[in-house]
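Coordinate inspection notes
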Amino acid sequence: MPFTAQELDNIASATLDFYIKGPAMAQSIQGRPLYDAMKRSQKTFPGGKNDIRRNVKGEYSSAFQGYSHDDTVSYVNPANLKQTNFPWKELHSGIAMTLTELKHAGISVVDSLNGENTTMHTDAEKVAITNLLEDKLDDLSEGSARSFNEILWRDGTQSSKVFAGVTSIISVNPNSGFTGGIDRAGNSWWRNRAFVGTLGATDNTGPKITHSTSNQTLTKKLRAEVRQLTRYGGKPSLLLAGSGFIEKVEAEIHEKGTYTDAGFANTGKTDIGMADISMRGVGRFQYDPTLDDLDMENYCFFMDPRHVYLDVMDGEDWKQHSPARPPEKYVLYRGLTWTGGLVADQLNCHGVYEAA
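It should be emphasised that the depicted structure is a prediction, and the values quoted were computed from it without experimental measurement. (Residues numbered from 1 in each chain as written. Predicted model: local features only at pLDDT ≥ 70, side-chain atom pairs only at ≥ 80, totals over all residues. Heavy atoms only, no water.)

1. Remarks on the nonpolar core
- Membership of the largest hydrophobic core comes to 56 residues, with the highest contact counts inside it found for Leu34, Phe148, Leu152, Phe163, Phe301, Met303 and Leu342.
- The element that contributes the greatest number of residues to this core is helix α4 (residues 123-153), accounting for 8 residues.
- Residues Leu229, Met279, Val282 and Ala355 belong to the second largest nonpolar core, which totals 19 residues. (Core = buried A, V, L, I, M, F, W, Y, C linked by side-chain atoms within 4.5 Å. Buried < 20%, exposed > 50% of the residue type's maximum accessible area, 1.4 Å probe, protein only. Helix = DSSP H or I, 4+ residues; strand = E, 2+ residues; numbered from the N terminus.)

2. Things to note about the packing of aromatic side chains
- Within the structure shown, the criterion is met by 12 aromatic pairs.
- Look at Phe148 and Trp338: their rings are 4.9 Å apart centre to centre, the planes differ by 80 degrees, and that puts the pair in the edge-to-face class. You can see Phe148 sitting in helix α4 and its partner Trp338 sitting in strand β17 (residues 331-344), a full 190 residues away along the chain. Take Phe148 and Trp338: they sit in the same class, and that class is buried.
- Aromatic pair Phe245 and Phe285: ring centres 6.3 Å apart, planes at 35 degrees, arrangement tilted. (Phe/Tyr/Trp six-rings, centres within 6.5 Å; stacked < 30°, edge-to-face > 60°.)

3. Remarks on the pairing of strand β14 (residues 299-303)
- Counting buried residues in β14 gives 5 out of 5 residues, a clear majority hidden from the surface.
- The two faces of β14 match: Tyr299, Phe301 and Met303 on one face and Cys300 and Phe302 on the other face are all buried.
- Pairing between strand β11 (residues 238-241) and β14: 4 bridges, direction antiparallel. Bridging across to β14, Leu240 finds its partner in Phe301.
- Strand direction decides the pairing type here: β14 and strand β18 (residues 351-354), joined by 4 bridges, are antiparallel. Considered in β18, the bridge of Tyr299 is made with Glu354. (Pairing = 2+ DSSP bridges.)

Structure representation (structure tokens):
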């Protein structure tokens, strides 16, 4: 028997809810470790604010001075607070399904909310409509997560309607430009570390690192960088790299490492695999396929998720919408919206490195 519009609406809402909150969103056709990490560390802010603001401070005026007897001493009036300003953005993703499509699948819909003249549906009918919805809602959930992940990585220049991502905050040229409205050129403490391309060498930047299996130049440099990234209290626990970068690190480790015959003795074959590469006190290197997609396969980002994170407006995190059918179209709609931005409140605990 035909489904009523209300019955169809309930089935669509339940299926969409499963895809957004259930296991489907946790599955990935391609791994998205940045997306996963940012979701875990995200914060919220109340609606009504024009921008996401944070107070930061990198300079101090107070200092001891020596004195004796009736020497004149001085006082300072510190005024070193600066405020970051990250505009929040609204994102939308939606799908449509026509009643014609449903008819092609053998499903009729009564265009009424009161459900007159309908009977109980068989399990077969319910399965048919659920299967049709699953294909569309799978596209909505996976496609939305995939595009959100790409926005997270990119610098926002692709569209003024989306928030600026990681590469706008952890810059390949940190000595110029602005982050959160604060000038990096005039505030040396408001810069990430970067060793990429042909950057001129300064106290926090330099050219890309040429790896050497004999001299271990890449791994030695990364160990030195960890000391600098933790110098001001940073804890860079998220290490995301492209395939080329990881291969170069593996090459240096393989050159100085030793294969064992444990696998051969126990299973009759030698295991040439390698465990995940990690750095003591920091974390393990994770392969992020999106860096390959963005032609950054030789890059690695060291991040402290405590100081770069998603900030989402209260009640607007992957919000589900079921717009009413317009009277002039026999189409059903489902949508998702997200409102917020990517925020940083410290930069000198993050770094970006390119391996050659």
